[in-house]
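# Descriptive analysis of the structure
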Amino acid sequence: MTLTRDPEWSVTQTEGEDLQMQYLVSVIDDMSTPGRSDRRPAISAFNERLIADGYWVFAGGLANPDAATVIDNRGEQQVISDGPFLESKEYLAGLWVWEAPDLDAALALAAEASKVCDRKLEVRPFA
Amino acid sequence: MNDAEDAITRAYRDEWARVVAGLTRRFGSLDLAEEATAEAFATAVVRWPADGVPPNPGAWLTTTANRKGIDRLRRENQRDAKHKEALMVSDNDPTEPIGVIEDDRLRLIFTCCHPALSMENRVALTLRMIGGLTMPEIARAFLVPENTMGRRITRAKAKIKAARIPYRMPSAADLPGRVSGVLAVLFLIFNEGYLTTGPGNGPVRADLTADAIRLTRLVCALMPEDGEVAGLLALMLLTESRRTARISVNGELIPLDEQDRGAWDPALIAEGHRLVRERLAAAAAGEVPGRYQILAAIAAVHTSARDIRDTDWSQVLALYDQLVNVDPSPIVALNRAIAVAEVDGPETALAIVDRLETELNGYHAFHATRADLLRRPDRNPDARAAFGKAIDLAGNTAETAHLTRRRDQLP
């Protein structure tokens, strides 16, 4: 899956007087106290609503951080290493990209989403 | 002070927030609004003494600040053509009616006190944007270097812009939570003035308590229907009324039971009591009072007693019982225990206080209260130890002096 934006969204973005903002919503899980694992149907239903209400840009769940590979090709030789770039108790478990008019709108959605996916969320604007 | 200086001081107090708020709506940028408003005031400092104070200083400042803002945008536009369109849009804006401008200040307050900003950034931003305090003034008030305070304000403004924290009233559903966020900022400013921390520092900063009261008055005027805002204002006024009686000439804290009640400020007490009576009438009509209204009612009971022996402690205890329901924090439970001691005796109170140890072990008032309740012949060593812990933890110079004297008075 790649992170591409629906072309229709770009159209609405340039047309409206009130420009939309895009927010990256990171789903944060905890190794020692993970969120419930039965949230998939609820998340799907929530995503349907995000799409219907015009907020949805992208959503995706991630594999375990152990499955990550780091590559650094800035030097003479490329270096490939196993595992995430940052080992931590808390880790990125998935992400959303939403389009919303402002932070209050994004936070209201995030409050709901946190309950739906039973995890902590970070809301961060795209530059 | 001459007339022009006087007018400028008054304008700072009365017009700053209005001008910044109006410009923020017009230009959509806190940065630009702040800079243009500061420039307009700087112009007033030069022009008013020479040309005389304009008949409507607020309007003069708004017009001047608007012009400064447009000048600034024009200068930036020469570098960035895209902004030109934005300028044309705002240039064609019709003059807004007064009602909208009133709302602007509230919008600005809710933006500066947004929960997505850290508490220290909210405080700094509120004092700058609404209070009109200069960066050095805010830095001095909070005992941080000027560039630290500058960075806080810059960071807060950058986040508002980057994350697009909106410039508008919160939705009706969010309003109660957002108002209590604003009140927490104002109360923190007041408390920092009332109980200044830091050893090398005077015990009270009257300028900060005055700023907090001024800002709370403004919020109260803008949201007259909100009982908690009125409650917080009453609480501040009744607390402030005792300010001069609270610190001895030697800079030592004087507790409530030893204060010269004749030195309390009767005008502040009268205003505070009037507000509390209004809130009591609203409560009688079915409104559920929040924590600030209950705290104000407790302060009203204390300020109604001409002598500590006249204090209606059962009324104080009844109010604390109410407060525990609204705010079940251990600090409220600790303060309630002081009223319990007066009504049911120190033994009962001590049992309550001892149960709070795990949560409040690092809080000086916990140990000070325990020490007070332990002052009996057989427990004097325990009282002494508790005073010692309280002295180690207290950050306020007047409190430390008071606690030390109390400890040294033990037999």
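The helix and strand inventory of chain B stands at 21 helices and zero strands. In terms of overall dimensions, chain B is globule-like: its C-alpha atoms have a radius of gyration of 24 Å, near the 22 Å expected for 411 residues. On the principal axes, the C-alpha backbone points of chain B span a range of 80 × 50 × 40 Å. Taken across its 411 residues, chain B has 40% of its residues classed as buried. If you take every contact in chain B between residues at least 6 apart in sequence, the share linking residues at least 24 apart comes to 62%.

Within chain A, the regular secondary structure consists of three helices and six strands. Counting helices and strands in the order they occur from the N terminus, chain A gives α-β-α-β-β-β-β-α-β. The buried share of chain A, taken over its 127 residues, is 19%. In chain A, of all internal contacts separated by at least 6 residues, the share reaching a separation of at least 24 is 76%.

To continue, consider the packing of helix H19 (residues 364-373) of chain B against helix H20 (residues 380-393) of chain B. All names here are of chain B. Remark: H19 packs on H20, axes separated minimally by 8 Å, with the N-to-C direction vectors making an angle of 155°. Here H19 is positioned roughly antiparallel relative to H20, judged by the angle of their axes. Crossing angle aside, the handedness with which H19 passes H20 is left-handed. Where H19 approaches H20, its residues His364, His367, Ala368, Arg370 and Ala371 are matched on the opposing element by Ala383, Ala386, Phe387, Lys389, Ala390 and Leu393.

A word on the interface of chain A and chain B. Contacts between chain A and chain B engage seven residues on the former and six residues on the latter. It is helix H3 (residues 103-117) of chain A that contributes the most residues to the side of chain A that touches chain B, three residues altogether. Here the residues of the side of chain A that touches chain B sort into five nonpolar, no polar and two charged.

Let us look at the confidence of the model for chain B. All names here are of chain B. Confidence in the prediction of chain B, expressed as mean pLDDT, is 88, and 92% of residues score 70 or more. Mean pLDDT values over the elements of chain B span from 48, in helix H4 (residues 82-91), up to 97, in helix H11 (residues 227-240). Within the model, the stretch residues 86-96 combines pLDDT values under 50 with seven contacts to residues more than four positions away or in other chains. Prediction confidence for the complex, expressed as pTM and ipTM, is 0.82 and 0.80 respectively.

Residues and elements named next belong to chain B. Mapping Val324 onto the fold places it in helix H15 (residues 313-326). Linking Val324 and Arg291, residues 33 residues apart in sequence, is a C-alpha distance of 9.0 Å. Residue contacts for Val324: discarding those within four places in its chain leaves Val332, Ala333 and Arg336.

Residues and elements named next belong to chain A. Judged from the four bridges that link them, strand S3 (residues 69-72) and strand S4 (residues 79-82) form a sheet pairing that is antiparallel. Within the sheet, the bridge partner assigned to Ile71 lies in S4 and is Ile80. In this structure, the hairpin formed by S3 and S4 is closed by a connection of six residues.

Further remarks concern the nonpolar core. With 123 residues, the main nonpolar core has Leu186 and Ala296 of chain B as its most contacted residues. Once you skip the residues sitting within four places of it in the chain, Ala296 of chain B turns out to touch Gly231, Ala234, Leu235, Leu238, Val276 and Arg279 of chain B.

With that out of the way, let us pick up helix H21 (residues 397-409) of chain B. Residues and elements named next belong to chain B. Along its 13 residues, H21 runs 19 Å from first to last C-alpha, staying within 8% of the 18 Å computed at 1.5 Å per residue. Along H21, the positions that sit buried rather than exposed are Thr397, Ala398, Glu399, Thr400, His402 and Leu403. Those residues of H21 hidden inside the fold are in contact with H19 and H20.

Our focus in this paragraph is the packing of helix H2 (residues 40-52) of chain A against H3 of chain A. The geometry of a pair of packed helices is captured by two quantities: the angle between their axes and the separation between those axes. Residue and element names in this part refer to chain A. Contact geometry of H2 with H3 gives a least axis separation of 8 Å together with a crossing angle of 155°. The orientation of H2 relative to H3 falls into the category roughly antiparallel. Contacts between H2 and H3 involve Ala42, Ile43 and Phe46 from the first element and Ala113, Val116 and Cys117 from the second. Of the residues belonging to the contact of H2 with H3, the class tally is six nonpolar, no polar and no charged.

Residues and elements named next belong to chain A. Strand order in this open sheet of four strands is S2-S5-S1-S6, and the pairing throughout is antiparallel. A strand with exactly one partner marks an edge of an open sheet, and here the two such strands are strand S2 (56-61) and strand S6 (120-125). When the angles between neighbouring strand axes are averaged without regard to direction, this sheet yields 20°. Relative to strand S5 (residues 90-100), strand S1 (residues 21-30) runs antiparallel, the two being bridged by ten bridges. Bridge pairing links Met21 to Ala100 in S5.

This part covers the confidence of the model for chain A. All names here are of chain A. Residues of chain A with pLDDT of at least 70 account for 86%, and the chain-wide mean is 87. At the low end of the mean pLDDT range in chain A sits helix H1 (residues 7-15), at 36; at the high end sits S6, at 98. Contacts for the low-pLDDT stretch residues 1-17, under 50 throughout, to residues beyond four places or in other chains number nine contacts.

Conventions adopted
Residues numbered from 1 in each chain as written. Chains lettered and ligands numbered in written order. Predicted model: local features only at pLDDT ≥ 70, side-chain atom pairs only at ≥ 80, totals over all residues. Helix = DSSP H or I, 4+ residues; strand = E, 2+ residues; numbered from the N terminus. Rg over C-alpha atoms; globule rule 2.2 N^0.38 Å. Buried ≥ 20, exposed ≤ 12 C-beta atoms within 10 Å, placed from the backbone. Contact = placed C-beta atoms within 7 Å. Axes fitted to C-alpha atoms, helices over the stretch in contact; angles between N-to-C directions. Parallel < 35°, antiparallel > 145°, perpendicular 65-115°, else oblique. Left-handed = near helix turned anticlockwise from the far one by under 90°. Nonpolar A, V, L, I, M, F, W, Y, C, P; charged D, E, K, R; others polar. pLDDT = per-residue confidence, 0-100. Pairing = 2+ DSSP bridges. Core = buried A, V, L, I, M, F, W, Y, C linked by C-beta atoms within 7 Å. Expected span 1.5 Å × (residues − 1).

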